[in-house]
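Structural characterization, general
Take a look at the letters that make up each chain.
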Amino acid sequence: MQTEICSIIQNRIRSGEYTPGEKLSENLLATEFNCSRMPVREVLKHLEQDGLVTIQPKSGTYVRSYSPEEVCNAVEIRAYLEALAFALVIEKDVDITAMEQCVVDMAHCMENQSFDLAAFGEHHLRFHESMVRLADNPFLLELYNKLHLNALQKIFFNPMSKEEMTITHAEHQKILQFIKDKNPEGEQFIKMHLWKRREH
C-alpha cells in the first residue's frame, strides 16, 4: 500500500501536477487512498529523504523547490561522479543489460503517441543510476545518492521537444557503445552530455 501511494505521489510531483511549494495534506491524501494518516506520514517521510518534499514542523509538508543555482551545482558534481563511474565500468567485465533496457524503454516512450514525460524521465534516470551502480563503488554510490537527482525535475522531467528527445536518446546509445568498446573517450563525452543540462 505504501509503495503504491509513494509511486503515485512521486509521479504527481515529477509531472508537475503537484507544483514546487505546494502544500500536501495528510488528511486529504489519507481520504483519497482510503487509509489512515500513518501510512501517508511514512510515505511523506520517505519522499523527504529522496528530496522531493520538505516537512516543516507545525506547518506541514511541501513539494520541495530547487533554485537554478542548486540545479547547476548538482549537475556539475554529477558530471564528475558519472565520469568516474564510466571509467570504473569500462575497467570491469560488467553486464550492461539494465542500461540497454533503459534505452529501449526510452525509445518506446518516444514512439507512443500519448507521450509519458514522467516515464521517459524515469528511464533516463535509471540509465544513469544503473551505470553508477555497475561501477561497484559504495562510496561513489553514496555520494551520488546525496545529490537527490530523482527530485531535480529540471534535469530529468522538464518538457522536451521531439528533437531534444531524439538527441538525448542517441547520446545514451553512444554512451552504451563507448562502454562496449571500452573507449575512454566516453568519460569526456559523459561530462559534455551532462553539462548541457545546466542550460535548462
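Residues numbered from 1 in each chain as written. Predicted model: local features only at pLDDT ≥ 70, side-chain atom pairs only at ≥ 80, totals over all residues. Heavy atoms only, no water.

Some words on the environment of Ala 85
Tracing the backbone through its elements, the reader meets Ala 85 in helix α4 (residues 68-91). For Ala 85, a relative accessible area of 0% gives the class buried. Separated by 60 residues in sequence, Ala 85 and Asn 145 place their C-alpha atoms 13 Å apart. In contact with Ala 85, not counting residues within four places along its chain, are Met 131, Val 132, Ala 135 and Leu 140. (Helix = DSSP H or I, 4+ residues; strand = E, 2+ residues; numbered from the N terminus. Buried < 20%, exposed > 50% of the residue type's maximum accessible area, 1.4 Å probe, protein only. Contact = heavy atoms within 4.5 Å.)

A word on the side chain of His 128
Of note, His 128 is situated in helix α6 (residues 117-134). Look at His 128 and you get buried, because its relative accessible area is 1%. A polar contact of 2.6 Å, which involves the side chain of His 128, links it to the side chain of Glu 82. (Polar contact = N/O pair within 3.5 Å; in protein donor to acceptor, adjacent residues only side chain to side chain.)

Quick word on the nonpolar core
Grouped together as the largest cluster of nonpolar side chains are 28 residues, with contacts concentrated most on Phe 86, Met 99, Phe 127, Met 131, Leu 140, Ile 175 and Ile 179. At the level of elements, α4, α5 (97-111), α6, α7 (138-145), α9 (162-180) and α10 (185-195) are the ones that each hand at least two residues to this core. Per element, the largest residue contribution to this core is 7 residues, and it comes from α4. In this structure Phe 127 touches Met 99, Cys 102, Val 103, His 172, Ile 175 and Leu 176, once residues within four positions along its chain are discounted. (Core = buried A, V, L, I, M, F, W, Y, C linked by side-chain atoms within 4.5 Å.)

Regarding the pattern of salt bridges
Counted by the stated rule, this structure contains 9 salt bridges. Put simply, Glu 82 and Arg 78 hold a salt bridge, and the shortest N to O gap is 2.7 Å. You can see Glu 82 and its partner Arg 78 sitting in helix α4, 4 residues apart, about one turn around the helix. The exposure class of Glu 82 is buried, given its relative accessible area of 0%. Overall, Arg 78 belongs to the buried group, its relative accessible area being 1%. Arg 126 is the partner of Asp 105 in a salt bridge, and the nearest nitrogen-oxygen pair spans 3.3 Å. Taken together, the residues span a long stretch of sequence, with Asp 105 in helix α5 and Arg 126 in helix α6 at a distance of 21 residues. In this structure, a network of salt bridges that share partners links the residues Arg 12, Glu 17 and Glu 32. (Salt bridge = Lys/Arg side-chain N within 4 Å of Asp/Glu carboxyl O.)

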